[in-house]
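# Descriptive analysis of the structure
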Amino acid sequence: MPRDEMSSLIQKVARQARQTFRSTGGGGPGPSAESLGQLRKLVSQVRAEDVGLGGGRPRSAGGKGPPVTYMHICETSCFSMGVFLLRPGACIPLHDHPGMHGLLKVLYGKLRVSGFDRLEAAGGTAAAKEPEAAAFSPPLLPYECGSVRRAALRSVGELGDSSPPCLLAPHRENLHQISAVDGPAAFLDILAPPYDPADGRDCHYYKLLQPAASSAAPAGESDGPAAASANPAGGTAQKEIWLLEIPQPDDFWCGGEPYPGPKVSI
């Protein structure tokens, strides 16, 4: 590898990610706070030009193609790293990261990110019994009741290229929805360990359920994740909500493009 690529910032990020998450692939204790802090510090320095995106030049809004494109950088048994490109108005639907840590750093544009915690009672059991189909509007179909999950909206905010990395953990903000705001956007994505359906780490999609008119609904729930946290200072972002696990939405798919940045060796 050329010397300039060996010393590139994205190469340093990959080395630190390997060091930080080396225990995650085998069910170890997870990253230390110190090592995770070192990784976040490096990731916070990454800009669009560090991954070959031409100084943050946005993608064209015209033409046809997938709403979201992924550029793969590298992957090991303990982490994966790549770049997501979102067209104007594109949204990565609400989804989870089972047993995984993750970092998201905006490279250009603006993203709205809503983070949820899946709620569990002591011992890892469901936090509440299965709800009745009629508790929601429209009512659930009988087979859907077993796919309902209780969660809490933990945070929602808009991130730009000067924002610090967004962090998710196995039990905090592990579910999130990502939307491009006011134009195209791109972000660096690190997941540890990577998705692996064979090892129980498959991606699941969800939608926010609307309570029936007769149900006591927390303020702001009716308009989706962003509305539910319209006033985080007032505590609304901590309200408990119900999510329905759904198939991948028909209007969402992810294409692929070659990674144009410095080569990474791990």
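Residues numbered from 1 in each chain as written. Predicted model: local features only at pLDDT ≥ 70, side-chain atom pairs only at ≥ 80, totals over all residues. Heavy atoms only, no water.

- An unreviewed UniProt entry annotates the protein as 2-aminoethanethiol (cysteamine) dioxygenase originating from Xenopus tropicalis.

### Quick word on helix 2 (residues 9-20)
- Counted at 1.5 Å a residue, the expected span for helix 2 with its 12 residues is 16 Å, and the 16 Å between its end C-alpha atoms agrees.
- Listed in full, the buried residues belonging to helix 2 are Leu-9, Ile-10, Gln-11, Val-13, Ala-14, Gln-16, Ala-17 and Thr-20. (Helix = DSSP H or I, 4+ residues; strand = E, 2+ residues; numbered from the N terminus. Expected span 1.5 Å × (residues − 1). Buried < 20%, exposed > 50% of the residue type's maximum accessible area, 1.4 Å probe, protein only.)

### Quick notes on the pattern of salt bridges
- A complete count under the given rule lists 6 salt bridges for this structure.
- Note that Glu-158 is salt-bridged to Lys-110, the shortest N-O span being 3.8 Å. Of this pair, Glu-158 sits in strand 6 (residues 148-159) while Lys-110 sits in the loop between strand 4 (101-108) and strand 5 (111-118); the two residues are 48 residues apart in sequence, bridging distant segments of the chain.
- For Glu-158, a relative accessible area of 41% translates into the label partly exposed.
- Residue Lys-110 is classed as partly exposed on the basis of its relative accessible area of 32%.
- Here Asp-117 ties to Arg-154 by a salt bridge, and the two come within 2.4 Å at their closest N and O atoms. Here Asp-117, found in strand 5, pairs with Arg-154, found in strand 6; they are 37 residues apart in sequence, far enough to count as distant.
- For Asp-117, a relative accessible area of 4% corresponds to the buried category.
- The exposure class assigned to Arg-154 is partly exposed, which follows from its relative accessible area of 24%.
- Shared partners join several salt bridges into a network, and the residues in it are Lys-110, Arg-112 and Glu-158. (Salt bridge = Lys/Arg side-chain N within 4 Å of Asp/Glu carboxyl O.)

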